[in-house]
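# Remarks on the overall topology
For reference, the chains in residue letters:
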Amino acid sequence: MKAIRRFTVRPVLPDTLRPLTDLARNLRWSWHDPTRELFDSVDPDHAGRGADRRADDLDPVRLLGSVSAARLAALAGDEDFQARLRAAAEDLDHYLHAPRWYQEERERHGDLPACIAYFSPEFGVAAALPQYSGGLGILAGDHLKAASDLGVPLIGVGLLYRHGYFRQSLSREGWQQEQYPVLDPGELPVTLLRESDGSPARVTLALPGGRSLDAHIWTAQVGRVPLLMLDSDVEGNAPAEREVTDRLYGGGSEHRLLQEMLLGIGGVRAVRTYCRLTGTPAPEVFHTNEGHAGFLGLERIRELAEKGLDFDAALETVRAGTVFTTHTPVPAGIDRFERSLVARHLGEDGELSGVDVGRILALGDETPLGGEPGLFNMAAMGLRLAQRANGVSTLHGSVSREMFAGLWPGFDPEEVPIGSITNGVHAPTWTAPEVGRRAEGADDRELWELRRVLREQLVTEVRERVRHSWRQRGAGAAELGWTDTVLDPDVLTIGFARRVPSYKRLTLMLRDPDRLRALLLHPERPVQLVVAGKAHPADHGGKRLVQELVRFADDPRVRHRIVFLPDYGMAMARRLYPGCDVWLNNPLRPLEACGTSGMKAALNGCLNLSVLDGWWDEWYESGFGWAIPTADGASATDEERRDDLEAAALYELIERRVAPRFYDRGADGVPVRWTEMVRRTLSDLGPKVLADRMVREYVERLYAPAARAHRALAPAAARELAGWKSRVRGAWSKVAVDHIEVGEIGEDLADAELGATTAVRVSVALGDLLPDDVEVQAVAGRVTPDDALVDARVCVLKPAGGGPDLEGRLPYEGSLVLDRTGSFGCTVRVLPAHRLLASSAELGLVTLPTETTREGAGVLMR
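Residues numbered from 1 in each chain as written. Predicted model: local features only at pLDDT ≥ 70, side-chain atom pairs only at ≥ 80, totals over all residues. Heavy atoms only, no water.

What follows covers the sheet that holds strand 17 (residues 562–565). Here we have six strands laid out as an open sheet, ordered 17-16-15-18-19-20, and parallel in their pairing. For this open sheet the edge positions go to strand 17 and strand 20 (625–628), each flanked by a neighbour on one side alone. The mean angle between the axes of side-by-side strands here comes to 20°, regardless of whether they run parallel or antiparallel. In this sheet, strand 16 (residues 527–532) lies alongside strand 15 (residues 492–497) in parallel orientation, the contact comprising six bridges. Its bridge partner lying in strand 16, Gly495 is registered against Val530. (Pairing = 2+ DSSP bridges. Helix = DSSP H or I, 4+ residues; strand = E, 2+ residues; numbered from the N terminus. Axes fitted to C-alpha atoms, helices over the stretch in contact; angles between N-to-C directions.)

Here it is, written out as structure tokens:
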């Protein structure tokens, strides 16, 4: 029989144990070892993990709901436990209320935002709150945790998916299978947000045809940071609306659109409700983590329209206080919807009936990017609604500027206003406790012994997981004796675990099966591989890759040296990173935006073996690990040839450099050169990959400037800026560069010397614009054979005085410093200029010399 309803019966804790509830409800326990150890001791036999310990990590809420009354009574009388409980409760109280880095910075500078709202479609905070699918969600979770540790006043905003992403198992044939267990909020570390009268707080979206979508707001406390999650499984919603938040990244196009409307539009309303009920300051900055949440900007425009601002002024106000982070390096990774679908849901019969739907559709127009005229591009909208944008590594910032350059026509990609802040990972979450306790100050022998302990723990974990997986696949106990010898705690262990889109190349290691088999079975320097990863349920190509890997790992000749572990998630990852010696990453360059799994491995002394992509391209040094060469030229365009070359390079590195260094032992059995690389990884690379560093950069480079810009745009200033932009756009066609002189009379630039200066004079026609509306620049640098400027520097030219000539042209002049040798060139351009612009490229307007001006008698190159 099956239950027709489910509900949670909560235990009544003795008064002396009441602090356990507060500790369980704040997810700080997920990265605070003393609190985790306290909960482990509540019920040592089960520790809240349920029947399947391999799948679930510590879950204090579930633990407190299942522990026996007799055990609770015993704990209530246990003086040692009571002392530890009081210490944990006091420590949490101090953590939540004492000033931290942000409060000290605000005391010094005074202009940091009072509150930031951080929107993401997924959050990977803890295994006990499975609301993530991969790197984007784990990054969002680490962002919240680091913000909490630093005292940054953040509010996280997402959705509560009743089925999460999915649980993965394998068929007997190795085909990925998905299960979607129901998540009961009563058994999760979340609390329903309620109005002052006790009724559940809710947000409502209007849908076409007079329908509506209601959602409750669940709050998870991530240290100091509240995470608001909207849940459409509400009585009163029609069945289709109740299922809007059923699962992460599921359903068809309309389903996804409703999810993103609820996240963006409903999310802003949830923030307003939370601030009203708790007295939290309203956010001054809204951070859109990828395009899924982009509709939040439209809801804020609607709010401002209700206060009397027209669309253009409201748009400027919204843009000033918005940060947009893009995580995808390929157009295919961006959400797109049919324009007609967006218009139907946001137009007169839909949610934003007071906002001009034509203006909404223009924000998502992807035709400047070479896209389809009938599609609405969520990333294009996100960039148009944000004055500040960034990629997630230096290389990804460069790729993003190329990819989105069409939104800023006339500018070279390097001048597109998309910066970069390289991702980081939350050290307390991902560093094994043993590393924190024993690595610092350890000598070579101690460090090597620590690595062996961690490897042995992984081997024990892997054997248990392999047995469990084979039982799920239908094997009987009598068939599984071989699992007792899976992996060896003294063999070089390489880890590879991540999502399974094709560009991550799960099966590159299988390119030459015989060569891989020889590496695994080498008589003196064997290698063993631990592999994990999920393919999206709709990605049959990814599932075939998983099956190919599984079938290779099933071979009795090698199955003691290579394993595939199904159901990769946070709980598994926390054990994989410390136990591996090498972390493998072989994506197609430059398709890995950042890739943080290798960062988590590095925090545990695991060395990276990776293609130079994402963060590894930025911080790779030979003392930290190895770089896998990538194909270039004609080989890079032939997929088969490229993969053959890069797989061969991978095998060569492992065989000739990685394995020999691991097995190169001294008389005491310690590989000194290997432990030196481990030490350098921990001491030199570790501080760079921290989420604390990342969040500080967001605060200093994006949040603080966005807050200042937002404060500067009071309604009158917003109207003035919108009017100025409209006037400049309308008059720009008459702006022209008419006459350029470089050098003084009698000066021969062919003999110019390094460090010399030369004069630049130009005549500019401004049409109906004023000199204060523009900035005239000389741009100089090295030139390529086709006259393209490289590594250009900008010199602002000033009005030369004397007023306009008979044709209305204004003279400008300045000096160029010839600061580089070799072929040197320059040009002149005119850009819009206003004190409230974050970038001179913001309007996408620029005037350069025409071909006639460049080649005719109007240019004097003395």
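There is more to say, and it comes next.
With the rule as written, the count across this model stands at 17 aromatic pairs. Ring centres of Trp626 and Trp674 lie 5.8 Å apart, and the angle between their planes is 35°; this geometry places the pair in the tilted category. One end of the pair, Trp626, is in strand 20; the other, Trp674, is in helix 26 (residues 672–685), and 48 residues separate them in sequence. Here Trp626 and Trp674 have matching classes, each one buried. Here the basic side chain of Arg455 rests over the ring of Trp448, its NZ or CZ set 5.3 Å away from the ring centre. The ring of Trp470 has Arg473 sitting right over it, with the charged end atom 4.4 Å from the ring centre. (Phe/Tyr/Trp six-rings, centres within 6.5 Å; stacked < 30°, edge-to-face > 60°. Buried < 20%, exposed > 50% of the residue type's maximum accessible area, 1.4 Å probe, protein only. Lys NZ or Arg CZ within 6 Å of the ring centre and 35° of its normal.)

Once that is clear, we can look at the environment of Ala83. Tracing the backbone shows Ala83 in helix 5 (residues 79–97). A relative accessible area of 35% means that Ala83 is categorised as partly exposed. Ala83 sits 80 residues away from Ala3 along the chain, and the two C-alpha atoms are 41 Å apart.

A separate point is the environment of Gln221. Inspection of the secondary structure puts Gln221 in strand 7 (residues 212–222). Residues Gln221 and Val190 lie 31 residues apart in sequence; the distance between their C-alpha atoms is 7.5 Å. Apart from residues lying up to four places away in sequence, Gln221 is in contact with Arg25, Asn26, Leu27, Arg28 and Pro226. (Contact = heavy atoms within 4.5 Å.)

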